[in-house]
Amino acid sequence: MTTILVTGGTGTLGRLVHERLSEAGHEVRVLSRHARPYAVDLREGGPALDRAVSGADVIVHCASSPRGGDEKAAAHLIEAARRAGVPHLLFISIVGVDRVPLRYYREKWAVERMIEASGLGWTVLRATQFHELVRDVLAGAARLPVMLLPAGVGDQPVEVAEVAERLAELAVSGPAGRVPDMGGPEVRSLAELGRAYLGAVGKRRLVVSVPLFGRVYRAFRAGGHLAPGHSVGRRTFSEFLSEG
């Protein structure tokens, strides 16, 4: 039995990682700001973090916030892991963090580099966007009478449960460095995904593709966030919508 600490273990991904590792018979600790007995804000660190990390064989780092603070959180986690002598730190990142100049992506990329330079045994897995995120973006666009979507941009949504399965495998496999990216089963234009969403929720909207400007848009249009050579996911976006 392996002792595994999952940061962000109450979140969309972390909760599923926790479930799969527990089902496999491992001792799993859940760290989040409100999860007892390991209630820790990683951005603050402190003695509670040291207690959570002590004795862990693996840390699966799923905690993240688009509002910022990931680098500070990672610094505290790495230092605690060093003090405790944790042999393996596994981090979930995003495909394209080194190619798309979004602030959140740049912070994820910085965390990757911090982990690589930490002196710890490490593994980094990059995945494409989860189905839930793409659905929520499209739901926001569908609030208007006309559904406006960036022209020429595709997406490759992946099933979060499949990413959790992969993380559970990597957690017990030992440090592997940067492993192959994990992408959803198909790349589809945002317009196609938008129409699929509208059909699934029974809304009628005119879908209009709008050209945008700037470095971020150019990077998305160039497919910097996609992994077409790693389309290992099984559940499609349409299946996700239809099955709920």
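Residues numbered from 1 in each chain as written. Predicted model: local features only at pLDDT ≥ 70, side-chain atom pairs only at ≥ 80, totals over all residues. Heavy atoms only, no water.

Asker: I'd like a rundown of the layout of surface pockets, residues and numbers included.
Answerer: Volume-wise, the second largest pocket comes out at about 160 Å³. Lining the second largest pocket, in full, are Leu-125, Glu-162, Glu-165, Arg-166, Glu-169, Pro-180, Asp-181, Met-182, Val-232 and Arg-234. Counting residues per element, the lining of the second largest pocket draws most heavily on helix 6 (residues 160–171), at four residues. In terms of residue class, the lining of the second largest pocket is built from four nonpolar, no polar and six charged. (1 Å grid on protein atoms, 1.4 Å probe; cavity = no way out; pocket = protein on both sides within 12 Å on 5 of 7 lines; lining within 4 Å. Points joined across faces, edges and corners; volume = space filled by probe spheres on them. Helix = DSSP H or I, 4+ residues; strand = E, 2+ residues; numbered from the N terminus. Nonpolar A, V, L, I, M, F, W, Y, C, P; charged D, E, K, R; others polar.)

Asker: Which residues make up the nonpolar core, and what are the values?
Answerer: Core analysis: the largest hydrophobic core is formed by 27 residues, its most contacted members being Tyr-105, Leu-138, Met-147, Leu-149, Tyr-197 and Phe-237. Broken down by secondary-structure element, the contributors of at least two residues to this core are helix 4 (103–116), helix 5 (131–141), strand 6 (146–150), helix 7 (190–201), helix 8 (215–221) and helix 9 (237–243). Filtering out sequence-adjacent residues up to four positions away, Tyr-197 remains in contact with Arg-135, Leu-138, Ala-139, Ala-142, Met-147 and Leu-241. Of all hydrophobic cores here, the second largest spans 26 residues; its members include Phe-130, Val-158, Val-163 and Met-182. (Core = buried A, V, L, I, M, F, W, Y, C linked by side-chain atoms within 4.5 Å. Buried < 20%, exposed > 50% of the residue type's maximum accessible area, 1.4 Å probe, protein only. Contact = heavy atoms within 4.5 Å.)

Asker: Give me the lowdown on helix 3 (residues 70–84), citing residues and values where you can.
Answerer: The end-to-end C-alpha distance of helix 3 is 21 Å, a good match for the 21 Å that 15 residues give at a rise of 1.5 Å each. Buried within helix 3 we find Asp-70, Ala-73, Ala-74, Leu-77, Ile-78, Ala-80 and Ala-81. Down the axis of helix 3, the buried side of the element spans an arc of 165°, and every buried residue falls inside it. Helix 3 presents Lys-72 and Arg-83 as exposed residues on the side facing more than 90 degrees away from its buried surface. As for helix 3, its buried residues are in contact with strand 1 (3–7), helix 2 (47–53), strand 3 (58–61), strand 4 (89–94) and helix 4. Where helix 3 ends, the next residue or the one after it, Gly-85, has phi of about 70°, a positive value. (Expected span 1.5 Å × (residues − 1). Arc of directions from axis to C-beta.)

Asker: Could you give an account of helix 1 (residues 12–23), with specific residues and numbers?
Answerer: If you check helix 1, its first and last C-alpha atoms are 17 Å apart, about what 12 residues at 1.5 Å a residue would give, namely 16 Å. Within helix 1 the residues assigned to the buried category are Leu-13, Gly-14, Leu-16, Val-17 and Leu-21. All buried residues of helix 1 lie within an arc of 165° about the axis, which places them on one face of the element. Remark: Gly-25 follows helix 1 within two positions and exhibits a positive phi of approximately 95°.

Asker: For the packing of aromatic side chains, give the residues involved together with the corresponding values.
Answerer: Using the criterion set out here, one finds two aromatic pairs in the structure. With 6.3 Å between their ring centres and 75° between their planes, Tyr-105 and Phe-220 make a pair best called edge-to-face. With Tyr-105 in helix 4 and Phe-220 in helix 8, this pair connects stretches of sequence that are 115 residues apart. For Tyr-105, a relative accessible area of 6% puts it in the buried group. Taking 6.1 Å as the distance between ring centres and 25° as the angle between the ring planes, the aromatic pair formed by Phe-237 and Phe-240 counts as stacked. (Phe/Tyr/Trp six-rings, centres within 6.5 Å; stacked < 30°, edge-to-face > 60°.)

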